[in-house]
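Each chain, written out:
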Amino acid sequence: MALKCGIVGLPNVGKSTLFNALSSAKALAANYPFATKEPNVGIITVPDNRLTQLAEIINPQNVQPTTIEIVDIAGLIKGASKGEGLGNQFLANIREVNAIVHVVRCFENGDIIHVDGYVDPVRDKEIIDTELQLKDIETLEKRVAHWEKMTKGGNKAALANVDLMRRVLKFVEEGKSVRALLPQIDSEEELELIKECQLLTAKPIIYVCNVEETATLTGNEHTARFMEAVKDEEAEVLFVSAGIEADIAELETFEERQEFLTDLGLTEPGVNRVIHACYRLLDLVTYFTAGVKEVRAWTIKKGTKGPQAAAVIHSDFEKNFIRAKTVAFDDFIKFGGWKGAQEAGVMRQEGKEYIVQDGDLLEFLTSA
């Protein structure tokens, strides 16, 4: 399934450096605002050690991880909602992503210019929040006007829609983001109506605090203030040094990268944590197909049933789905593959109502 995350933030907070480390695409990372004028797009593989374990058992001709599309979006400034800087372009690009990775600068460095003169991650976040909220207010006002026109003649559905749009508008006018309102909406119809508005502040979000090398594990004074400011959002906050990630990306071998990480007291690159956080944010899980030709990872939404999981491979698989031969990942590894799992009695035949679990090994049986 197509998954697109947008990296956003003020100019010069480390967005492009992080993007480069994620994708190995050499986006321009220069010391002045708007170095990235066009959104750079990278297709990145999702790190998953389970693929390595499966490959050791099956010895396939090919191993294919799943991917995420990462978009490095031009830096936003105050006034973007009115078209300042590259505001209109920024807002158009962010509308197209599934989730937001908001990078805030939490390090001091006199050689790297801050667009507002000094480092303050809380202020920086509030600037972007405000610009996105102002754009959403503009969108919602238009939606209210649209539905008000439809209420002529006492159209009850239109009246209900006006009430909903006004409720959402009032929420945003109070300086809140729509993602905080969505859990309070019980009606699927109302959620769909809000979704149709393509509101920017409805996008799920994670925060990446770009810190100096010594703060990757414990943070610093800037991250402490930032964590306090976002504590009510229930959003995940990661500490990452974009500079370290850039250095790791330059190393040639896995062994060199692991040695570098060990010297820093880290167990994995920060970019891995960012990717996995995007997965959690979007409620995604992975299932595997495994044969001698290929071991492959597939991404689905949590709660997906067998036929819809099969459709990720090919749309005809859903239409012609009969059942799925299924083994849990731990059992597949424990018993050494399909044959061992079958002999141990842990291989199952699952039908159309089966909800695919993270790590399932699946082999689909179809009627065509």
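One can find the structure itself at the top, above this paragraph.
My aim in this report is to walk through the structure given alongside it, one point at a time.

What counts, and where the lines are drawn
Residues numbered from 1 in each chain as written. Predicted model: local features only at pLDDT ≥ 70, side-chain atom pairs only at ≥ 80, totals over all residues. Heavy atoms only, no water. Helix = DSSP H or I, 4+ residues; strand = E, 2+ residues; numbered from the N terminus. Buried < 20%, exposed > 50% of the residue type's maximum accessible area, 1.4 Å probe, protein only. Contact = heavy atoms within 4.5 Å. Expected span 1.5 Å × (residues − 1). Polar contact = N/O pair within 3.5 Å; in protein donor to acceptor, adjacent residues only side chain to side chain. Pairing = 2+ DSSP bridges. Axes fitted to C-alpha atoms, helices over the stretch in contact; angles between N-to-C directions. Patch = residues over 30% accessible without salt bridge, like charges linked within 9 Å, V, L, I, M, F, W, Y side chains within 5 Å. Areas by Shrake-Rupley, 256 points an atom, 1.4 Å probe, with all protein chains shown as cover. Salt bridge = Lys/Arg side-chain N within 4 Å of Asp/Glu carboxyl O. Lys, Arg positive; Asp, Glu negative; His and termini not counted. Charge placed at Lys NZ, Arg CZ, Asp CG, Glu CD.

**Re the overall build of the protein chain**
On a plain count of helices and strands, the protein chain comes out with 14 helices and twelve strands. Per-residue burial for the protein chain yields a buried fraction of 48% across its 368 residues. Contacts spanning at least 24 positions in sequence make up 69% of the contacts within the protein chain whose residues lie at least 6 apart.

**Re helix α4 (residues 121-150)**
Over its 30 residues, α4 runs 43 Å from end to end, which matches the ideal 44 Å to within 8%, given 1.5 Å per residue. With a side-chain oxygen positioned 3.2 Å from the backbone nitrogen of valine 122, the residue opening α4 is aspartate 120.

**Side note on the sheet that holds strand β2 (residues 40-45)**
Reading across the sheet, the six strands line up as β2-β4-β1-β5-β6-β7 and stay open at both edges, with mixed pairing between neighbours. Bordering the open sheet on either side are β2 and β7 (237-240), each of which pairs with just one other strand. The average undirected angle you get between the axes of adjacent strands in this sheet is 25°. Strand direction decides the pairing type here: strand β5 (residues 99-105) and strand β6 (residues 205-210), joined by six bridges, are parallel. Its bridge partner lying in β6, valine 103 is registered against valine 208. Along the sheet, α4 makes contact with β5 and β6, crossing β5 at roughly 145°.

**So, a negative patch on the surface**
A cluster of acidic residues, Glu252, Glu255, Glu256, Glu259 and Asp263, forms a negative patch at the surface. By the element assignment, glutamate 255 lies in helix α9 (residues 254-263). Exposure remark for glutamate 255: the relative accessible area of 56% places this residue in the exposed category.

**Quick look at the pairing of β5**
The buried fraction of β5 is high, at seven of seven residues. The pairing of strand β1 (residues 4-8) with β5 spans four bridges and is classified as parallel. What sits directly across from valine 8, in β5, is histidine 102.

**A word on the environment of threonine 267**
Here threonine 267 shows up in the loop between α9 and α10 (270-281). If near-sequence neighbours (up to four positions away) are discounted, threonine 267 is found in contact with Gln258 and Leu261.

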